[in-house]
Amino acid sequence: MPSPLLLATEKGYNTIPGIIAQDITSWADVKQVARELRKAEVKAAFKSIIVDTVDLASSLCEKYVCNQLDIENIGDGGWAKNGWAKVKKEWEETWRSIVMEGYSVVFISHAKDKTFKRKDGTEYSQIVPSCSTAYNEIIKNMVDIMAYIQVENNERKFILRSPDDTIDCKSRFKYIDPVIPFSYQDLIDAMNRAIDKEAAMTDNKFITDEKLQAPEVKTYDYEALMAEFQQIAGELMGKNSEYYAPRITKIVEKYLGKGKKISETTLDQAEFVSLIIDDIKDELVNK
């Protein structure tokens, strides 16, 4: 059975036997993994991708967009640069592209207690993910199950539904059990029970069997990347400038923004140059 691939933004997997992990130190690493996941040999090796943690992965995504917009903080630039909208788009499109390749994605976040106010003014406490509310809402819309791992008397359980609303969790499976033991097989069994019950309630009209050491931070040699870009672009332009020029421009603008040129990049944007070169190789050179 194919193993899951752990995208590790922190070192927390050394004691997990048999884990296959890819250290993630930048958002460019995530995008490069997404590119590799399209390959047939990689699809044969992995079926699930685990993101540990959302909290750190989201900060890498924000840093990536800040560098893209040449700003210090994601809130800088106001409506003109609209950083938050670009972060949301970047985050959603990256994970959606992985899901569309047939992988399941598991997002992990820590938990915290948060106090909310009801309409009548009374307060209540709820266990929620420690990632920011913005990312929590994005992920909620993406996932089929949002569960909380509860530990009682040294026994771990999956909380899949919270009738009293004290835990922020949800499931698209209408009849899934609220609480189950913490194991992969118990989760699969609970999903199957929920599907079977849904089938019984709807006379099988809507059910089908068809498959719908601390890591070294990667560094980029900006000058070398720029030289590589000039060489590749020069060779393509020499072959057919009318054909390749607009396609190269489209790839550059995909990462740098409309009207931006690669000659306008800074040292801090070296990862974008690297991604641009990778896309040109994939879409124009090796096609």
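Everything here concerns the structure above.
Our subject in this report is the structure included herewith. This one's a predicted model, so the numbers in the text were calculated from it and none came from an experiment.

How each quantity is defined
Residues numbered from 1 in each chain as written. Predicted model: local features only at pLDDT ≥ 70, side-chain atom pairs only at ≥ 80, totals over all residues. Heavy atoms only, no water. Core = buried A, V, L, I, M, F, W, Y, C linked by side-chain atoms within 4.5 Å. Buried < 20%, exposed > 50% of the residue type's maximum accessible area, 1.4 Å probe, protein only. Helix = DSSP H or I, 4+ residues; strand = E, 2+ residues; numbered from the N terminus. Salt bridge = Lys/Arg side-chain N within 4 Å of Asp/Glu carboxyl O. Patch = residues over 30% accessible without salt bridge, like charges linked within 9 Å, V, L, I, M, F, W, Y side chains within 5 Å. Areas by Shrake-Rupley, 256 points an atom, 1.4 Å probe, with all protein chains shown as cover. Lys, Arg positive; Asp, Glu negative; His and termini not counted. Charge placed at Lys NZ, Arg CZ, Asp CG, Glu CD.

1. A short note on the nonpolar core
Core analysis: the biggest nonpolar cluster contains 58 residues, and Trp91, Trp95, Phe107, Phe229, Ile248, Ile276 and Ile280 have the highest contact counts within it. The dominant element in this core, judged by the number of residues it contributes, is helix α8 (residues 222-256), at 13 residues. Counting eight residues, the second-largest nonpolar core is a separate cluster that includes Ile176, Leu187, Ala190 and Ala194.

2. What about the pattern of salt bridges?
All told, the structure shown has 14 salt bridges when counted by the stated rule. Its salt-bridge partner being Arg35, residue Asp279 comes within 2.7 Å of it at the nearest N-O pair. Take Arg35: its relative accessible area is 11%, and that puts it in the buried class. Of the charged contacts in the structure, one is a salt bridge between Lys140 and Asp168, with a shortest N-O distance of 2.9 Å. Within this pair, whereas Lys140 is found in helix α6 (residues 133-142), its partner Asp168 is found in the loop between β9 (155-159) and β10 (170-171), the two being separated by 28 residues in sequence. Residue Asp168 is classed as buried on the basis of its relative accessible area, which comes to 12%. Salt bridges sharing common partners tie together Arg35, Lys254, Asp279 and Asp282.

3. So, a negative patch on the surface
On the surface, Asp70, Glu72, Asp76 and Asp268 cluster together to form a negatively charged patch. Relative to the assigned elements, Glu72 resides in the loop between α3 (54-69) and α4 (78-81). Under the relative-accessibility criterion, Glu72 is labelled exposed at 67%.

4. Describing unusual backbone geometry
A cis amide bond links Asp52 with the next residue in sequence, Thr53, at an omega value of 10°. Its location among the elements puts Thr53 in the loop between β3 (46-52) and α3. The phi torsion at Asp70 lies on the positive side, around 60°, for a residue other than glycine. Within the secondary structure, Asp70 sits in the loop between α3 and α4. The exposed category is assigned to Asp70, whose relative accessible area is 56%. One non-glycine residue with positive phi stands out, namely Asp165, at about 65°. Note that Asp165 resides in the loop between β9 and β10. Take Asp165: its relative accessible area is 39%, and that puts it in the partly exposed class.

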